[in-house]
Amino acid sequence: MNLGADLSPLSADLRPASRQGLSVVVPVFNEAGGLARLHERISTVARRLKAERGLVCEVVYVDDGSRDDTLKIAGQLPAADLDIQIVSLSRNFGKEAALIAGLDHARLGAVMFMDGDGQHSPDLIDTLVHHWIDGGYDVVYTAKAHRKHESALRRFAVRSFYSLINWGARQKIPEDAGDFRLLSPRAAAALRQLPERNRFFKGLASWIGFRQMRVDYEPEPRAHGNTTFSLGGLIGLSIEGLTSFSVAPLRLASWLGLMFALVALLYGVWILWETWIYGRSVPGYPSIMVGLMVVGGIQLMIIGIVGEYIGKILSEIKARPIYFIAEHSVRTSADHSKTAPDSRPDAKPDSTRSAAE
Ligand code: UDP
Ligand code: MG
């Protein structure tokens, strides 16, 4: 039985990169205000890529249960320069699920992910494509050039998060890397093969390996509206990333436990020594209380960490679909509005991929 996956040129699509095309996946959640403008910018880049490199593009808008007119506006976008797929999820499943839905429906070889709020500039698409086609890179990811505008506390939190997640990891997740990235056909195929339901996208895209390339960029201000990620949401995503990518918190818990056991042992020896040698038996109410509370607190924390992992196991064995598609349409520059035949050979039917939300 073969337990790995062969994605070498020998078994993969042998057409030159530019013949395999590029699917741009854009998750949109309440982005009605800026969608038309964004589509215009993507179309301009697609036209240029077609003319200069003969690279065919499509865009996949994944409507993640928007409550505004996003879906209606997406349905009216012109498909003059590139094909448009609109995948509408049955409710709001979150950005990570929307990205997976987009990846599952991308019909062309390479896949690019970008936000629908204009923060990921379409002008950078050329640079990413250049590194893929001319440089032969498989994963071209963008990373924030600097964090000058962020508070010291946030910078510290980000730094601690990455040191913890990368602690002892064989494949380090690059700091500051965003979801704006391009995957070559074989990198996209690799990502599609990962079976887990809890997905931390940045981590997985780096975990698959191949030739990776970093491109620094300055995120643009949001074109309209506000970010949908709250402090709680970011902490949630960090816990998701940590628990699905590393056992560092468990290891930390073991170390902490070991350290406390050691200190307790030494203290015990000291108490015995005091009692036997000096004949002192100390009442010691404060030290008992403090010791009790500290140890109790640490135990609760460790149980919490273990609980996070058990929760993860539970959601993996439930094996629920990650998303459900309510509507799906494809418009090509030639024809208009028909239901999509999925032309990718390994394409899976809607909502067979899964997970926990
Ligand atoms: N998004 C989504 N589902 C959600 C939340 C966000 O598809 O539940 C999309 C959103 O439309 C945008 C991208 O994910 O295209 C990034 O969201 P946002 O700008 O709110 O996050 P930030 O840029 O602040 O990280
Ligand atoms: Mg944003």
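Now for a quick tour of the structure.

Definitions and cut-offs
- In every chain, residue numbers begin from 1 and rise along the written sequence.
- All chains are assigned letters beginning with A, and all ligands numbers beginning with 1, in the order in which they are written.
- Whole-chain, interface and lining totals are the exception, using all residues; otherwise, since this is a predicted model, local features are given only for residues with pLDDT of at least 70 and side-chain atom pairs are given and counted only at 80 or more.
- In computing side-chain properties, one takes all heavy atoms of the structure into account and sets aside hydrogens as well as water.
- Distances define the donors: N, O and S atoms within 2.8 Å of the metal qualify, as do those within 3.2 Å of Na, K or Ca. Water is excluded, so some sites may look unfinished.
- The buried label applies to any residue whose accessible area, calculated with a 1.4 Å probe on protein chains only, is under 20% of its type's maximum; exposed applies above 50%, and partly exposed to all values in between.
- Runs of H or I in DSSP of at least four residues are treated as helices and runs of E of at least two as strands, each being numbered from the N terminus.
- Remark: nonpolar core denotes a set of buried residues (Ala, Val, Leu, Ile, Met, Phe, Trp, Tyr, Cys) joined through side-chain atoms within 4.5 Å.
- Note on contacts: a residue pair qualifies if any of its non-hydrogen atoms lie within 4.5 Å across the two residues.
- Centre distance within 6.5 Å is the pairing criterion for rings of Phe, Tyr and Trp, where only the six-membered ring of Trp is used; planes under 30 degrees apart are then read as stacked, over 60 as edge-to-face, and the remainder as tilted.
- We count a charge as sitting over a ring when the NZ of a lysine or the CZ of an arginine lies within 6 Å of the ring centre and within 35 degrees of the ring normal.
- Note on definitions: salt bridges are taken to be side-chain nitrogens of Lys or Arg within 4 Å of carboxyl oxygens of Asp or Glu.

**Some points on the coordination of the magnesium ion (ligand 2)**
In step 1: Around the magnesium ion (ligand 2), the protein contributes the donor atoms Asp117 (OD) and Gln119 (OE1), at 1.9 Å from the metal centre.
In step 2: Under the relative-accessibility criterion, Asp117 is labelled buried at 5%.
In step 3: With a relative accessible area of 25%, Gln119 lands in the partly exposed category.

**Quick notes on unusual backbone geometry**
In step 1: You will see that Asn30, though not glycine, has its phi angle at about 55°, which is positive.
In step 2: Mapped onto the secondary structure, Asn30 falls in the loop between β1 (22-28) and α2 (32-53).
In step 3: Judged by its relative accessible area of 28%, Asn30 is partly exposed.
In step 4: A positive phi is found at Phe210, a non-glycine position, where the angle reads about 60°.
In step 5: Along the polypeptide, Phe210 turns up in the loop between α8 (201-207) and β7 (212-217).
In step 6: We classify Phe210 as partly exposed; its relative accessible area is 31%.

**Observations regarding the nonpolar core**
In step 1: Formed by 34 residues in total, the largest nonpolar core has its most connected members in Leu22, Val26, Tyr61 and Leu182.
In step 2: Mapped onto this core, the elements with two or more residues apiece are β1, α2, β2 (57-63), β3 (83-89), β4 (110-113), α5 (125-133), β6 (177-183) and β7.
In step 3: The greatest single-element share of this core, amounting to six residues, is contributed by α2.
In step 4: Aside from chain neighbours lying at most four places away, what touches Leu22 is Leu55, Val56, Cys57, Glu58, Leu108, Ala110, Val111, Met112, Ile125, Val129 and Leu182.

**Notes on the packing of aromatic side chains**
In step 1: Taken as a whole and judged by the stated rule, the model has two aromatic pairs.
In step 2: Ring geometry for Phe161 against Tyr162: centres 5.1 Å apart, planes inclined by 75°, an arrangement best described as edge-to-face. This pair shows no difference in class: Phe161 is buried, exactly as Tyr162 is.
In step 3: Seen in terms of ring centroids, Phe180 and Tyr217 are 6.1 Å apart; in terms of plane orientation they differ by 80°. Their pairing is edge-to-face. Residue Phe180 is found in strand β6, and its partner Tyr217 is found in strand β7; the two are separated by 37 residues along the sequence. Each member of the pair Phe180 and Tyr217 is classed as buried.
In step 4: It is Arg91 that lies over the ring of Phe93; its NZ or CZ is 3.9 Å from the centre.

**Topic: the pattern of salt bridges**
In step 1: Within this structure, the stated rule accounts for 11 salt bridges.
In step 2: When the shortest N-O distance is used, the salt bridge between Glu58 and Arg107 registers 3.0 Å. With Glu58 in strand β2 and Arg107 in the loop between α4 (95-105) and β4, this residue pair connects regions lying 49 residues apart in the sequence.
In step 3: According to the relative accessible area criterion, Glu58 is buried, its value standing at 0%.
In step 4: On the accessibility criterion, Arg107 (17% relative accessible area) is buried.
In step 5: The salt bridge partner of Asp83 is Arg107, with a shortest N-O separation of 3.2 Å. Of the two residues, Asp83 sits in strand β3 while Arg107 sits in the loop between α4 and β4, which places them 24 residues apart along the sequence.
In step 6: On the accessibility criterion, Asp83 (19% relative accessible area) is buried.

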